[in-house]
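Chain and residue survey
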Amino acid sequence: MDNEHKDQNQKPVSGVSVGLTSRLFVVRASVLALIFVLLLGFLVYRIAYIQVVNGEEYRTGAIEQYTHELTIEAKRGEITDRNGTVIATTVTVQNCFISPADISDTAQRDLIVSGLSSILGVDKEIIETKCGKTSSKYQIIKKDLTEDEETRVRSFIADNGLTSVVCLEESSKRYYPYGSFACHVLGFTGADNTGLQGLEYTYNEYLSGTDGRVVKATDADGNEIPYDYESYIDAINGYTIVSTLDWTIQSIVEKYVGQAYDETLPTGTVTAIIMDVNTGEVLALANAPAFDLNNYGTLCSSYQALYDAYEGTDEGKAAYRTELLYDMWSNFAVSSTYEPGSTFKMVTGAIALENGCITKADTFVCTGKYVIAGVPIKCHVYGKTPHGTQSFAQAIKNSCNPAFIQISQKIGADLFLEFFDLFGYTEKIGSDFLGEASSIYSSSLGVVDLATAAFGQGFKVTPIQHLRAVCAVANGGYLVTPHLVSKIADSDGNVIKTIDYGTARQVVSQSTCDIILEALVNSTKNACVNGYNVVSKTGTSQKLDTADENDYVLSCVTFAPAEDPQIAILVLVDDPQNTESALYGSSIAAPIVSNVLTEVLPYLGILPTGSGADTVTIKDYRGTDVDTASYVIEQLGLKVCVKGTGSTVVDQLPRSGVELDIETGIVVLYTDTGSTSEMVVMPDLSRMSPSKVTEALASRKLNLSVSGIYNDSYTNCYVYSQSVAAGELVAPGTVIYVEFRYDEDIE
């Protein structure tokens, strides 16, 4: 029964099991199908998303994995002077690099380290470190190779089969053809050819250009592969900056500024600016000491001497060197301020005349000093003969402080400050000068402050600010904007931008200017130029912010020609130490002006209009019958001296092309070779008057050429220098160049 019962309880269930299994299979299959569909859908979505939405990103990433990009460096634009002379350019140089990934073994590595260290002077440890970067194909060893280094590296590569391991590549480097020429104006670039100072910085956007690039397909090791993919974008070179500088004028200014620095050894600088009074274009700007633009990280000799004298810690010495470098690079004509002294009297006079505070007929009394609000202020002639009663023209020519104190009282503080602003002293120039300093002045003036301000003390301005202001007196009263660049051009010479600052405003009238200009014609003898009339005013300003009461800035401003001023020159010498002359602008700064303008005015084609000596240019008489040559020379008004017994001129002194004074000039004609050996002893001309010099040279049949105006009717005129030292032997007919100066008792 149990079995039966058991059998009964175990009825067949196959139909039910099959049904359940079938349904379970369907459910599972459906779930799997759904999952598959969802996965497939997600996959399709991702593919679509990657291809459509992020397609560009992934395409770029893929390209980056099998491409290599090379930069095509844009050539930095040139800087030229106003006549097209290139004063800053870019030259091609070679860089040396290695490919560590291609170094075959230790022996080759040691060879590279040893060889390149010896040739290029690079420390072995540095090269070894770069050789160790085995995944790299580009490690710079040295940039800007010299010609000798380049030649030796090429030989090293060829001799040792290192073509793909040690390589040279072309690069560019900023180069200044004239070294220190206009160094404080041009500035310089850094290692990446980006402007850091001067015009290089100010106009960096125009000079830089835009780099190009080449993109090529490469394998995982950086080698090019035969894949049809390459992209090339041309570099766009920088523009040319055409400066307002004139190469010749700048060179002349630098020569005399440098000489003055070496002679006077100032604690500060010697600075000179020449500017077109009508346009504000700066024709020359120089500071001494100068530095080499191609080695701007090297201190010039005067700054190196300061560095060598430093006695502090090594850390302090390093900081001091950096300080000296920045000081050496500074353009003192715009970055420093000074008290302009008596040169400011032109401005004070213009304010008073323009506003009717005085007339040119008014008189002013000088007793040697003037007491205002209980404070005595001395004239520069204090202790000597006072100026007495003077007209305005006499007062400004005499540079009389008491007279200008009286003029300032008539002007008043409010009107003075109003015109101080109108003349541009309260604002920066705002053109293309880098590092321009702000002026230092008071917005209110007491009676004593006003008195000292009238003769240029008690406030500080930049040299370029002051030159801008006084040029308004030279051009009819118009305030122009000094600037250094006239236009910007592309590589084909097409002008893309013209720089024109125009005229800011008219400050005073032409009639006011005429009174001042007329009063100052040839007023400073040491600033005068033979054959020309010039307008000059000197300044001797005490530096009130230093401990030494004998610290002075000596300056001179001159306009030329006086009949119609075209250019202005400002020269200042900051605290000269080595000078036997009196510490006056007339004795220190004015002669620099004379020397510069003696060369600049003829160069500019400005014809002489003054009462200078008449001259004649000597021709070549060699090979000419001696009697004929003598007759021709005498007809020119010159004297003739024949040496020898021959009938034909075999030599002559001076040579052809030399200019001689008609009154004193002599031409020596040699008629045989024996006569050319005769020599005379050069006399000592120091401190001689013009008449004594003429007599001494004429007796030895030597010619005189004068720099610095001279006239026997002037007193206190003496020889400052002579081109041939006393005691030397010299041939008759030789031209002796003599510089005359005056002992002028003018500030």
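Structural data are supplied above this passage.
Residues numbered from 1 in each chain as written. Predicted model: local features only at pLDDT ≥ 70, side-chain atom pairs only at ≥ 80, totals over all residues. Heavy atoms only, no water.

1. Overview of the sheet that holds strand 23 (residues 639–643)
Stated formally: What makes two strands pair is DSSP finding at least two bridges between them. Here a helix means four or more residues in a row that DSSP labels H or I, a strand means two or more in a row labelled E, and each is numbered from the N terminus. Between N-to-C directions, angles cover 0 to 180 degrees, with each direction set by a line fitted to C-alpha atoms, over the stretch in contact for helices. Whether two residues touch is decided by their heavy atoms; if any such pair falls within 4.5 Å, the residues are in contact.
Here three strands make up an open sheet; going across it, the order is 23-26-24 and the pairing mixed. If you trace the sheet from one side to the other, it starts and ends with strand 23 and strand 24 (651–653), each paired once. Averaged over all neighbouring strand pairs, the angle between strand axes comes to 20°, with direction disregarded. Judged from the three bridges that link them, strand 24 and strand 26 (residues 666–670) form a sheet pairing that is antiparallel. The residue of strand 26 that forms the bridge with Q652 is L669. Strands in contact with helix 23 (residues 626–635) are strand 23 and strand 26; relative to strand 23, the strand with the most contacts, it is inclined by about 160°.

2. Details of a nonpolar patch on the surface
Put simply, the rule reads: Patches draw on residues past 30% relative accessible area with no salt bridge. Two like charges within 9 Å are joined, as are two nonpolar side chains (Val, Leu, Ile, Met, Phe, Trp, Tyr) within 5 Å. Surface accessibility follows the Shrake-Rupley procedure with a 1.4 Å probe radius. Residue values consider only the protein chains on display as shielding. Put simply, a salt bridge is a Lys or Arg side-chain nitrogen that is within 4 Å of an Asp or Glu carboxyl oxygen. Here's how the labels work: a residue is buried when its accessible area is under 20% of the maximum for its type, exposed when over 50%, partly exposed in between, all with a 1.4 Å probe on protein chains only.
A cluster of nonpolar side chains, namely F36, V37, L40, L43, V44 and I47, defines an oily patch on the protein surface of about 560 Å² accessible area. You can see F36 is positioned in helix 2 (residues 14–53). Assessed through its relative accessible area of 54%, F36 is described here as exposed.

3. Considering unusual backbone geometry
Backbone geometry follows two general trends: most residues other than glycine have a negative phi, and most peptide bonds adopt the trans configuration. In this structure, P289 follows A288 across a cis peptide bond, with omega equal to 15°. Inspection of the secondary structure assignment puts P289 in the loop between strand 10 (282–288) and helix 11 (301–308). In this structure, P654 follows L653 across a cis peptide bond, with omega equal to 0°. Mapped onto the elements of the fold, P654 is located in the loop between strand 24 and strand 25 (659–661).

4. Brief notes about the pairing of strand 26
Most of strand 26 is tucked away, with five of its five residues classed as buried. Both faces of strand 26 are covered, namely the face carrying I666, V668 and Y670 and the face carrying V667 and L669.

5. What to know about the sheet that holds strand 10
Overall, antiparallel pairing links the five strands, which are arranged 10-9-21-20-19 in an open sheet. With one partner strand each, in any of the chains shown, strand 10 and strand 19 (535–542) form the two edges of the open sheet. Across this sheet, the average inter-strand angle for adjacent strands is 10°, counted without regard to direction. Bridging between strand 9 (residues 270–276) and strand 21 (residues 567–574) involves seven bridges; their strand directions are antiparallel. Bridged to A272 within strand 21 is V571.

6. Thoughts on the packing of aromatic side chains
Aromatic rings considered in pairs are described by the distance between their centres and by the relative angle of their planes. Heads up, the condition is: In summary, the pairing rule links any two rings of Phe, Tyr or Trp, Trp by its six-membered ring, whose centres are within 6.5 Å, and it sorts them by plane angle into stacked for under 30 degrees, edge-to-face for over 60 and tilted for everything else. Lysine and arginine charges are scored as sitting over a ring when NZ or CZ, respectively, is within 6 Å of the ring centre and within 35 degrees of the ring normal.
One pass over the full model with this rule turns up 21 aromatic pairs. Between F188 and F291, the ring centres sit 6.3 Å apart and the planes meet at 85°, which makes this aromatic pair edge-to-face. Here F188 is found in the loop between helix 7 (183–186) and helix 8 (198–202), whereas its partner F291 is found in the loop between strand 10 and helix 11, with 103 residues between them in sequence. The interplanar angle of 55° and the centroid separation of 6.4 Å between the aromatic rings of F344 and F420 together place this pair among those described as tilted. Highlighted residues: F344 in the loop between helix 13 (332–335) and helix 14 (345–354) and F420 in helix 17 (residues 413–422), separated in sequence by 76 residues. Its relative accessible area of 1% is what places F344 among the buried residues. An aromatic cluster of at least three residues, connected via ring pairs, comprises F344, F416, F420, Y425, Y441 and F459. In this arrangement the basic side chain of K525 is found over the ring face of Y742, its NZ or CZ atom lying 5.9 Å from the centre. Stacked on the ring of Y720, the Lys or Arg R741 has its end atom at 3.5 Å from the ring centre.

7. Some remarks on the environment of Y370
Note the following rule: In protein, a polar contact requires one atom able to donate a hydrogen and another able to accept it; more generally it is a pair of N or O atoms within 3.5 Å, and residues adjacent in sequence count only if both atoms are side-chain atoms.
The residue Y370 is located in strand 12 (residues 369–372) in this model. Judged by its relative accessible area of 22%, Y370 is partly exposed. Sequence separation between Y370 and I405 is 35 residues; the distance between their C-alpha atoms is 7.8 Å. Those residues in contact with Y370, other than ones at most four positions away along the chain, are V375, P376, I377, P402, I405, Q406 and Q409. Of the polar contacts made by the side chain of Y370, one reaches the side chain of Q409; its length is 3.0 Å.

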